[in-house]
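Here are the chains, one letter per residue:
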Amino acid sequence: MAISSFLPGQWMASFGVLILLSSAVVLVINKRQREAVLRRLHIQRRRTSGASTPPRSISPSKKAPTTGAPDFVNAFPPSRRSVLPDIAKTLPPASAKTLLSPEPSGNFLVKHALPTTQTYSLDNKVPKYTPTGFSTAELKAMGDFPAYDILSGVPLPQAYENFDATKALPRPYRPLRWKYHQTMSFQKMETDWWLEVENTYAARVKERQDLFKEYGSKVLDYLPGSELACKELMEMCLQFYYDKKVFHNKLLGTETIIKRFHPLHILLNNVPEDFAIVLRNEQDGMYYFRAGVICSSLGWNVGTKIGMQLEEIHGKIPDYKEKMSFSMDRFFSKMATHSPIQRGSWGLEVGTPLFMPPGHPHEALREIQNAELKIEECNLRVDWQTLRRLPLSAGVVFNFKALFTPVTEFRDEPYIPALLVKILKEGKKNLMEYKGTWHTEHICIPKLEEYAQEQVAKGWVKPEMEGQEEWNVATLAESPYFPGWEEKWHRQQGF
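Procedures and definitions
- Residues numbered from 1 in each chain as written.
- Predicted model: local features only at pLDDT ≥ 70, side-chain atom pairs only at ≥ 80, totals over all residues.
- Heavy atoms only, no water.
- 1 Å grid on protein atoms, 1.4 Å probe; cavity = no way out; pocket = protein on both sides within 12 Å on 5 of 7 lines; lining within 4 Å.
- Points joined across faces, edges and corners; volume = space filled by probe spheres on them.
- Helix = DSSP H or I, 4+ residues; strand = E, 2+ residues; numbered from the N terminus.
- Nonpolar A, V, L, I, M, F, W, Y, C, P; charged D, E, K, R; others polar.
- Core = buried A, V, L, I, M, F, W, Y, C linked by side-chain atoms within 4.5 Å.
- Buried < 20%, exposed > 50% of the residue type's maximum accessible area, 1.4 Å probe, protein only.
- Axes fitted to C-alpha atoms, helices over the stretch in contact; angles between N-to-C directions.
- Left-handed = near helix turned anticlockwise from the far one by under 90°.
- Contact = heavy atoms within 4.5 Å.
- pLDDT = per-residue confidence, 0-100.
- Salt bridge = Lys/Arg side-chain N within 4 Å of Asp/Glu carboxyl O.
- Phe/Tyr/Trp six-rings, centres within 6.5 Å; stacked < 30°, edge-to-face > 60°.
- Lys NZ or Arg CZ within 6 Å of the ring centre and 35° of its normal.
- Expected span 1.5 Å × (residues − 1).
- Pairing = 2+ DSSP bridges.

> Quick rundown of empty space enclosed by the protein? Include the residues and the values.
Approximately 110 Å³ is the volume found for the largest cavity. Along its surface, the largest cavity is lined by 13 residues, and Val154, Pro155, Leu156, Phe240 and Arg388 are the ones closest to its centre. Elements with a contribution of two residues or more to the lining of the largest cavity: helix 6 (148-152) and helix 8 (227-241). Residue composition of the lining of the largest cavity, by class: eight nonpolar, three polar and two charged.

Here it is, written out as structure tokens:
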């Protein structure tokens with residue numbers, strides 16, 4: 001989201017858990033565009049049908065083959081080397097010439113892999129190659145802040161007219177699905193909204209800085225070999241905001257000389273969102289968590305996960321090993337740079353706990369159902385997540401932001417109370433236990449049932465088909481939002 005007033009000058013056309021990924025991305029027509037067409041034709045479609053759901057939410061339930069296990073060592077993600085001639089046009093002749101080398105073969109990449117477990121200087125005379133086929137000589141020739149929109153195939157954001165950072169609210173994400181299974185339900189990323197700025201921006205940055213002062217490497221750390229990916233991510237974020245090598249942050253009144261700080265510290269001080277970087281290990285072709293700044297984790301932290309392979313990271317996730325491990329590894333080996341995705345996870349919380357490492361006092365609230373708890377104290381926590389591959393280093397970046405919404409807000413959001421009640425009362429037991437909503441259910445369920453009945457009485461919730469007596473609860477066509485969400489969002493923020 002490019003915000004003209006966020007930084008001085010003109011804007012560029014503007015692990016939670018390292019969450020579960022399914023085996024394939026099937027790109028279909030954007031759901032919201034499809035629904036807009038249906039609305040113009042006066043066709044009501046409140047929920048996704050069983051036939052159209054799979055392309056948007058592919059369950060990675062296929063088991064690994066019993067024979068012929070995949071060879072991840074020789075599996076490389078798609079390369080974007082085809083755009084190097086375009087990048088070369090922006091460089092001096094000597095540097096441009098370096099970019100016109102032939103594309104290396106897979107065998108060559110295996111033999112000359114850039115190490116991801118040790119530091120390697122771009123000035124070294126012996127070139128090494130990233131998994132996406134770029135040499136260290138080419139990376140050096142491109143210099144700082146190359147055109148990542150060209151390199152990645154993901155456009156920079158369009159300008160958001162009339163934006164006011166003091167009033168802006170996050171979009172009302174309600175990633176609720178029924179039936180509720182352990183699947184991804186991801187979508188093609190809305191690239192204008194990769195990073196969001198809203199009215200808590202300065203407060204969130206300050207909160208995250210305070211967490212780092214208190215917890216240090218539990219919220220920010222990086223291992224040898226992650227240098228390139230960290231720099232690349234930082235440059236992409238700042239280029240998304242404003243392309244300058246001296247970063248002026250008007251909202252915070254700060255100026256940062258980028259070369260003086262580690263890239264993750266620049267993100268900590270300017271981008272109030274979490275980032276985890278996993279890198280492909282050249283020895284086994286698997287992906288490992290090598291660097292991150294994560295201030296919104298519940299029950300874990302960077303220090304407890306860094307260095308782990310994907311299967312280790314997800315050890316406690318219900319059904320992960322049986323249904324998702326193989327598909328996860330295969331997905332990461334194939335994910336394309338130009339195909340970022342998004343999804344959301346959610347939970348119910350007392351208050352707004354942002355960071356809760358093991359042993360944190362707030363954990364005690366999850367062990368009881370407090371009879372004096374009030375509905376006004378209960379919040380939906382949504383971790384809105386994106387996943388994208390970095391074009392040069394081939395690192396995969398998991399990004400998320402924690403957003404809190406009072407449960408009382410659902411009273412005027414059609415279908416949401418009934419959908420949430422259905423999940424809380426009938427969701428798969430092990431998944432709901434992992435989600436940890438029990439401590440709020442004695443208050444939330446009765447109130448949500450009351451809201452749902454009100455909405456039926458007002459005519460806001462109707463049966464989907466003729467002959468039905470009531471709405472058959474299911475994932476909404478507007479997911480991850482709800483009918484009328486844009487009107488409410490614009491009204492609440494004032495623009």
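After presenting the structure, the write-up continues.
> Go over the layout of surface pockets with me, naming the residues and quoting the values.
A probe matching the size of a water molecule, rolled over the atoms, marks out where space remains unfilled. Looking at the second largest pocket, its volume works out to about 570 Å³. The set of elements that each furnish at least two residues to the lining of the second largest pocket consists of helix 7 (201-215), strand 11 (396-406) and helix 16 (485-493). With six residues, strand 11 is the single largest residue contributor to the lining of the second largest pocket. Among the residues making up the lining of the second largest pocket, the classes are represented as 16 nonpolar, five polar and 11 charged.

> So what's going on with the nonpolar core? Which residues, and what values?
Ranked by internal contacts, the top residues of the largest apolar core, which has 98 residues, are Met142, Trp194, Leu233, Tyr241, Phe275, Trp346 and Leu448. Tallying contributions element by element places helix 8 first for this core, with 10 residues. One finds Tyr287, Trp300, Val302 and Val396 within the second-largest nonpolar core, a separate group that totals 20 residues.

> Kindly report on the packing of helix 13 (residues 416-426) against helix 15 (residues 438-457), identifying the contributing residues and their values.
For the pair helix 13 and helix 15, the least separation of the axes is 8 Å and the interaxial angle reads 145°. Note that helix 13 runs across helix 15; the crossing there is left-handed. When helix 13 is examined against helix 15, the residues Pro417, Ala418, Leu420, Val421, Leu424 and Lys425 are found in contact with a partner set consisting of Glu441, Ile445, Leu448, Glu449, Tyr451, Ala452 and Gln455. Along the lines of polarity and charge, the residues of the contact of helix 13 with helix 15 split into nine nonpolar, one polar and three charged.

> Please give an account of the confidence of the model for the protein that cites residues and values.
In low-pLDDT regions, the fine details of the predicted coordinates are not to be read closely. Averaged over every residue, the pLDDT of the protein is 85; the share at 70 or more is 82%. Segment residues 2-67: pLDDT under 50, and 183 contacts once partners within four positions in sequence are set aside and those in other chains are kept.

> Outline the pattern of salt bridges, listing residues and values.
The final tally for this structure, using the stated rule, is 23 salt bridges. Here Glu449 and Lys425 are joined by a salt bridge, their closest N and O atoms 2.9 Å apart. Of this pair, Glu449 sits in helix 15 while Lys425 sits in helix 13, and the two are 24 residues apart along the sequence. When its relative accessible area of 28% is taken as the criterion, Glu449 is described as partly exposed. Sharing partners across several salt bridges, the network here consists of Arg174, Glu409, Asp412, Glu413 and Lys488.

> Help me get a handle on the packing of aromatic side chains, residues and values and all.
Applying the stated criterion across every chain, the model contains 17 aromatic pairs. Plain terms: the ring middles of Tyr160 and Phe163 are 5.5 Å apart, the flat faces sit at 50° to each other, and that makes the pair tilted. Consider the rings of Trp194 and Phe240, whose centres lie 5.6 Å apart with planes at 85°: the pair is edge-to-face. Taken as a pair, Trp194 in the loop between strand 3 (187-188) and helix 7 and Phe240 in helix 8 lie far apart in primary sequence, 46 residues in all. Both residues of the pair, Trp194 and Phe240, count as buried. Connected via pairs of aromatic rings, a cluster forms that spans Tyr160, Phe163, Tyr173, Trp193, Trp384, Tyr481, Trp485, Trp489 and Phe495. When the ring centre of Trp193 is taken as reference, the NZ or CZ atom of Arg171 above it lies at 4.3 Å. Its guanidinium or amino end placed over the ring of Trp346, Lys435 lies 4.3 Å from that ring's centre, counting from NZ or CZ.

> Describe helix 9 (residues 263-270), and please don't skip the residues or the numbers.
Along helix 9, six of the eight residues are buried, which leaves the element largely enclosed by surrounding structure. Taken residue by residue, helix 9 has Pro263, Leu264, Ile266, Leu267, Leu268 and Asn270 as its buried positions.

> Can you break down helix 8 residue by residue, with the values?
With 15 residues, helix 8 extends 21 Å from end C-alpha to end C-alpha; this agrees with the ideal 21 Å at 1.5 Å per step. Within helix 8, 13 of the 15 residues are buried, leaving the element largely enclosed by the surrounding structure.

> Please set out the sheet that holds strand 10 (residues 378-389) residue by residue, giving values where relevant.
The strand order 3-9-10-11-7-8-4 describes an open sheet built from seven strands, whose pairing is antiparallel. Looking at strand neighbours, the two that pair on one side only are strand 3 and strand 4 (220-222), the edges of this open sheet. Where strand 7 (residues 274-280) lies against strand 11, five bridges are found, and the strand directions are antiparallel. Across the sheet, Ala276 pairs through a bridge with Phe398, a residue of strand 11.

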